[in-house]
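The lines below spell out each chain.
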Amino acid sequence: MPLVKTWQLIAASAVAGLVLSAATVSVTGPWDSGQRKAERDRAASWSRMGGVDHGSGRLPEAAPSAPGVLSGLAAALQAEKQAGNPLGEQAGRQPGTGTGEGSGSGSDALAGALRPLFADPALGSLRSASVIDTATGRVLYEAKPREPMTPASTVKIATATAVLAALGPEHRFRTTVTPGAAPGQIILVGGGDPSLTARKKPPAGSGGSLVALAADTAQALKAAGTDSVSLGYDDSLYSGPARHPIGLNPNVAPLSALTADEGRLNDSLSGPADRSEDPSGDTARAFADLLADRGIKVTGAPAKARAAADAEPLATTLSTPLGGLVERMLTNSDNDIAEALARQSALASGQPGSFEGAGKAVAATLASLGIDTTGARFADGSGLDRSDKVSAGLLTALLAKAADPQRPELRPVLTGLPVAGFNGTLRGRNSGGSPAAGLVRAKTGTLSGVNALAGTVVDPSGRLLAFAFLAANTPGPEGAEKALDKLAAAVAGTR
């Protein structure tokens with residue numbers, strides 16, 4: 001048998017390493033300046049699949065060639081400096097307040113390309129549009145940009161902006177176990193972590209783990225000489241109705257500050273699924289089973305209890321960092337995360353953790369950022385409620401604010417947007433040979449008779465543009481989505 005030379009071993013190892021690296025990059029998607037924290041967490045946590053749920057069990061295709069999400073902003077910065085107009089004085093500036101259709105002070109070519117597409121009957125009888133240059137705030141095209149309309153899931157852009165502004169992208173939510181008031185009692189305390197999971201292999205990297213919490217709790221109890229406890233659970237962080245106004249629905253679980261795996265009754269990670277009607281109780285019962293697996297007997301059934309405010313935790317598990325939660329919410333249009341983050345905005349602002357408190361907090365936080373919220377209403381955090389009202393101009397103003405170099409804490413609003421033809425809710429839209437494939441990053445919105453698309457794109461001249469198109473009374477989702485995709489492709493491809 002011939003001997004294998006050292007250089008051959010080195011070469012083989014190098015090739016294997018490159019293949020593994022390429023597979024990891026292709027799995028986790030585009031890497032931006034101000035990159036996706038959720039995908040970096042997943043890549044570090046899982047080996048071959050990077051922790052990303054692509055739904056098929058196979059390695060996904062490599063991402064389309066996509067420039068960094070802020071590369072257009074960098075080009076604009078250079079142009080502004082050359083013109084003697086510092087970007088810091090212009091970034092995130094509110095667009096004009098016109099209500100008629102036109103190109104504003106922007107590109108005639110872009111307006112000419114968008115006008116006939118915006119007239120498509122598939123967009124229904126009521127529509128609104130706004131396209132702006134994020135670096136200067138210059139209006140490039142608009143049509144009734146201040147018209148309050150039902151935004152569907154594009155309202156998640158507002159939810160994301162508000163919670164990031166209130167808490168910052170590194171914030172984590174805590175789920176704890178504390179001693180109870182009764183002898184031998186412990187209490188599982190919900191902190192509103194939407195990433196909390198009872199699965200042995202966490203699906204999203206560094207999220208809160210009920211398994212790890214049980215292990216740490218069992219260790220602390222055994223160290224104190226305790227092997228039998230009663231279990232209470234405290235989900236009092238939230239208030240008001242737990243059920244979303246749309247009622248029992250597979251798109252969202254009852255709202256609870258103590259929910260594992262979004263109350264899903266199957267192994268799914270996103271999308272519609274049957275949900276628990278008692279997520280707090282189910283989570284406590286799962287925790288009791290995990291303690292039993294680790295040698296701690298739980299006497300009786302878990303029951304609701306209140307933890308003392310000053311109780312020292314026996315064990316704690318932390319959520320995915322907020323920036324990663326925002327990205328996952330936007331990419332997958334995750335309604336459960338959205339509602340949790342809206343409530344966290346309320347609590348951070350001193351409001352009750354309820355639908356009403358969240359609506360007040362989101363509106364107030366956006367106004368504090370200098371966003372014009374006239375006519376806006378935030379009835380929920382997810383966009384499932386038709387009572388939500390925002391304008392196309394408000395959405396582009398939020399996207400421009402997220403691109404502001406002075407507001408880096410808002411960057412996950414941009415990096416979390418699905419990429420056309422590649423991932424999330426845009427995986428099958430503007431794909432293949434579309435000029436928008438791999439370039440357009442946008443949040444979709446869909447309710448019966450309501451369709452929307454809002455996001456960013458670097459245009460052929462290197463500008464980072466923000467766009468929002470809202471349509472109501474649409475005759476059907478398929479035609480409306482195709483019309484919206486054509487609009488986004490035109491923004492991407494028109495110089």
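Here the structure is shown first, and the text comes after it.
Rules behind the numbers
- Residues numbered from 1 in each chain as written.
- Predicted model: local features only at pLDDT ≥ 70, side-chain atom pairs only at ≥ 80, totals over all residues.
- Heavy atoms only, no water.
- Pairing = 2+ DSSP bridges.
- Helix = DSSP H or I, 4+ residues; strand = E, 2+ residues; numbered from the N terminus.
- Axes fitted to C-alpha atoms, helices over the stretch in contact; angles between N-to-C directions.
- Parallel < 35°, antiparallel > 145°, perpendicular 65-115°, else oblique.
- Left-handed = near helix turned anticlockwise from the far one by under 90°.
- Contact = heavy atoms within 4.5 Å.
- Nonpolar A, V, L, I, M, F, W, Y, C, P; charged D, E, K, R; others polar.
- Buried < 20%, exposed > 50% of the residue type's maximum accessible area, 1.4 Å probe, protein only.
- Lys, Arg positive; Asp, Glu negative; His and termini not counted.
- Salt bridge = Lys/Arg side-chain N within 4 Å of Asp/Glu carboxyl O.
- Polar contact = N/O pair within 3.5 Å; in protein donor to acceptor, adjacent residues only side chain to side chain.
- Expected span 1.5 Å × (residues − 1).
- Core = buried A, V, L, I, M, F, W, Y, C linked by side-chain atoms within 4.5 Å.
- Phe/Tyr/Trp six-rings, centres within 6.5 Å; stacked < 30°, edge-to-face > 60°.
- Lys NZ or Arg CZ within 6 Å of the ring centre and 35° of its normal.
- 1 Å grid on protein atoms, 1.4 Å probe; cavity = no way out; pocket = protein on both sides within 12 Å on 5 of 7 lines; lining within 4 Å.
- Points joined across faces, edges and corners; volume = space filled by probe spheres on them.

This part covers the sheet that holds strand E9 (residues 441-447). One open sheet holds the 5 strands; their spatial order is E2-E1-E11-E10-E9, and the pairing between them is antiparallel. Where the open sheet ends on each side, the last strands, each with one partner, are strand E2 (139-143) and E9. Between one strand axis and the next, the sheet turns through 5 degrees on average, direction left out of account. Note: E9 against strand E10 (residues 450-458), 7 bridges, orientation antiparallel. Looking at E10, one finds that Gly445 is bridged to Ala452.

Before going further, it helps to examine the packing of helix H6 (residues 210-223) against helix H7 (residues 279-293). Contact pair H6 / H7: the axes reach a minimum separation of 9 Å and the direction vectors enclose 50 degrees. Between H6 and H7, the angle falls in the class oblique. Taken as a pair, H6 and H7 cross one another with a handedness that is right-handed. Between H6 and H7, the contacting residues are Leu210, Val211, Leu213, Ala214, Thr217 and Ala218 on the first element and Thr283, Ala286, Phe287, Leu290 and Leu291 on the second. Considering only residue class, the contact of H6 with H7 consists of 9 nonpolar, 2 polar and no charged.

Here we come to the side chain of Asp334. Considering the arrangement of structural elements, one finds Asp334 in the loop between helix H8 (322-332) and helix H9 (335-348). One buried charged side chain, Asp334, makes no salt bridge at all; its nearest oppositely charged neighbour is Arg264, positioned 4.7 Å away.

What follows concerns the side chain of Asp235. Within the secondary structure, Asp235 is located in the loop between strand E5 (228-234) and H7. A distance of 2.7 Å separates polar atoms of two side chains, one belonging to Asp235 and the other to Ser280.

Our focus in this paragraph is the environment of Ile246. Looking at the element boundaries, Ile246 is found in the loop between E5 and H7. Taking relative accessible area as the criterion, Ile246 reaches 34% and is therefore assigned partly exposed. Taking the C-alpha atoms as reference points, Ile246 and Arg386, 140 residues apart in sequence, are found 9.1 Å from one another. In this structure, Ile246 is in contact with Val252 and Leu384, ignoring residues within four places of it in sequence.

What the rule picks out here adds up to 12 salt bridges. Glu481 is the salt-bridge partner of Arg429, the closest N and O atoms lying 4.0 Å from each other. Of the two residues, Arg429 sits in the loop between helix H12 (412-415) and E9 while Glu481 sits in helix H13 (residues 477-493), which places them 52 residues apart along the sequence. With relative accessibility at 10%, the residue Arg429 sits in the buried group. A salt bridge links Asp459 to Arg463, with the shortest nitrogen-to-oxygen separation between them at 2.9 Å. A single network of salt bridges, built from pairs that share partners, joins Asp278, Asp282 and Arg285.

This part is about helix H10 (residues 355-368). Relative to the 20 Å expected for 14 residues at 1.5 Å per residue, H10 spans 20 Å between its end C-alpha atoms, a close match to the ideal helical length. Against helix H5 (156-167), H9 and helix H11 (392-403) lie the buried residues of H10. Gly370 occupies a position one or two residues after H10 and carries a positive phi of about 90 degrees.

The next subject is the environment of Lys486. Residue placement: Lys486 occurs in helix H13. Between the alpha carbons of Lys486 and Ala436 there is a distance of 8.8 Å; along the sequence they are 50 residues apart.

Before going further, it helps to examine the nonpolar core. In terms of nonpolar packing, the biggest core is built from 46 residues, with Val326, Leu341 and Leu366 touching the most fellow members. Where this core is concerned, the elements lending two or more residues are H5, H8, H9, H10, H11, H12, E10 and strand E11 (464-472). Considering every element that reaches this core, the biggest residue donor is H11, with 9 residues. Discounting residues that sit within four places of it in the chain, Leu366 has contacts with Ala158, Thr161, Ala162, Ile371, Thr373, Phe378 and Leu398. Leu114, Ala122, Tyr141 and Val457 belong to the second largest nonpolar core, which has 30 residues in total.

For the rest of this paragraph, the subject is the packing of aromatic side chains. Under the criterion given, the structure shown has 3 aromatic pairs. Ring centres 6.2 Å apart and planes at 80 degrees place the aromatic pair Phe118 and Tyr141 in the edge-to-face group. With Phe118 in helix H4 (residues 108-118) and Tyr141 in strand E2, this residue pair connects regions lying 23 residues apart in the sequence. Note on accessibility: Phe118 and Tyr141 belong to one class, buried. Ring plane angle 45 degrees and centroid distance 6.4 Å describe the contact between Phe118 and Phe469, whose orientation is recorded as tilted. Here Phe118, found in helix H4, pairs with Phe469, found in strand E11; they are 351 residues apart in sequence, far enough to count as distant. Exposure remark for Phe118: the relative accessible area of 4% places this residue in the buried category. Clustering of aromatic rings is evident, with ring pairs tying together Phe118, Tyr141, Phe467 and Phe469. For Arg127, the ring lying beneath its charged end belongs to Phe118, and the centroid distance is 5.9 Å. Over the ring of Tyr238 we find Arg343; its NZ or CZ atom is 5.6 Å from the centre of that ring.

Under the criterion given, the structure shown has 3 cavities of 30 Å³ or more. Pro194, Ser256, Thr259, Asp336 and Ala340 are the residues nearest the centre of the largest cavity, which is lined by 14 residues in total. Partitioning the lining of the largest cavity into residue classes produces 8 nonpolar, 3 polar and 3 charged.

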